[in-house]
Amino acid sequence: MFLIDTHTHIYLEDFDADRSSVILRAKEAGLELLLMPNVDESTIDRLNQTASEWPGYCLSMIGLHPTSVNEATPSSLPWIVEGIQTGRYVAIGEVGIDLYWDKTYQQRQIDIFCYQIDLSVEFGLPLVVHSREATGLILDILATYNNKPKGVLHCFSGTEAEARRAIDLGFMLGIGGVFTYRKSNLADIVTAVGLQHILLETDAPYLSPVPHRGQRNEPAYTRLVAEAMAAHLGLMAEEVAGITTANARKLFSI
Ligand SMILES: [Zn+2]
């Protein structure tokens, strides 16, 4: 089975004690690539360090996460464009809008999201979007662009109607451990839209799938999501892996 974890934060401190074993377990579970979204300027060095320790296996993105926007303006973020110009990043991420934790910087979050959409279009890099209580707003913003970026709504948490809207706008849906939670609507959404629009991810160290719910998540658990999805759709896990891995290779040009 060949899987790609399209969203994993294994460069964070949570994995400092055992990162090599985590990566070994990922390889044993059939993970052929790990994609690492950035958080903010303070995480870039760790991200680059991890990418350079596992070249060709841990690939990185660059961008500013909405919960780190604070007072940022485009001119206070030269490190993003400078990073893009090094050519070592496969995507702009993670970016987006998060209205769950704090609405203080809502307009600032929107401005910085739009700035990073512009970068995605200008440099032809896919956009990895974080949305929390903001999926409708994010889709409204994306709909205003004539020249639309391509990308993924990571950890998709909207309705089926929003899923269809996202797909119509050219976006994929990133699905992880939440798929295995009893109250999740994701199984119905995946059945409705089809695997050709789905990427697998963990969002490690967060959102572990059953039976590890509540514990630290890790890339190897991508396999549990693939197996749960396959069981729901009446397919072999290899078929889910094949389609979603091809989707990821196409979107990220990897
Ligand atoms: Zn993330």
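Structure's up top.
Here's what I pulled together on the structure shown here.

### Quick look at the coordination of the zinc ion
For the zinc ion, the protein coordination sphere consists of His7 (NE2), His9 (NE2), Glu94 (OE) and Asp203 (OD), at 2.0 to 2.7 Å. In this structure, the zinc ion is coordinated by four donor atoms arranged in irregular fashion, with angles at the metal of 87 to 178 degrees. Sequence positions of the residues that donate to the zinc ion give the spacing H-x1-H-x84-E-x108-D. One end of the pair, His7, is in the loop between strand 1 (3–5) and helix 1 (19–28); the other, Asp203, is in the loop between strand 8 (198–200) and helix 8 (222–233), and 196 residues separate them in sequence. Take His7 and Asp203: they sit in the same class, and that class is buried.

### A look at the nonpolar core
It is characteristic of soluble globular proteins that their nonpolar side chains tend to be buried jointly. Within the largest apolar cluster, 75 residues are counted, with the highest numbers of intra-cluster contacts made by Phe113, Leu173, Ile198 and Met229. Ranked by residues supplied to this core, first place goes to helix 4 (residues 106–123) with six residues. Beyond its immediate chain neighbours, meaning those up to four positions away, Phe113 contacts Val95, Gly96, Ile97, Leu127, Val129, Ile138, Ile141 and Leu142. Membership of the second largest hydrophobic core comes to 14 residues, among which are Val90, Val128, Ala248 and Leu251.

### With respect to the sheet that holds strand 4 (residues 89–98)
Here we have eight strands laid out as an open sheet, ordered 1-2-3-4-5-6-7-8, and parallel in their pairing. A strand with exactly one partner marks an edge of an open sheet, and here the two such strands are strand 1 and strand 8. Pairwise comparison of adjacent strand axes, ignoring direction, gives a mean angle of 30 degrees for this sheet. Pairing geometry for strand 7 (residues 171–175) and strand 8, over three bridges, is parallel. Bridge pairing in strand 8 links Leu173 to Ile198. Sheet strands touched by helix 7 (residues 186–193): strand 7 and strand 8. Its angle to strand 7, the strand with the most contacts, is close to 145 degrees.

Calculation notes
Residues numbered from 1 in each chain as written. Predicted model: local features only at pLDDT ≥ 70, side-chain atom pairs only at ≥ 80, totals over all residues. Heavy atoms only, no water. Donors = N, O, S within 2.8 Å, 3.2 Å for Na, K, Ca; no water. Tetrahedral: all angles 85-135°; square planar, octahedral: opposite > 155°, others 65-115°. Helix = DSSP H or I, 4+ residues; strand = E, 2+ residues; numbered from the N terminus. Buried < 20%, exposed > 50% of the residue type's maximum accessible area, 1.4 Å probe, protein only. Core = buried A, V, L, I, M, F, W, Y, C linked by side-chain atoms within 4.5 Å. Contact = heavy atoms within 4.5 Å. Pairing = 2+ DSSP bridges. Axes fitted to C-alpha atoms, helices over the stretch in contact; angles between N-to-C directions.

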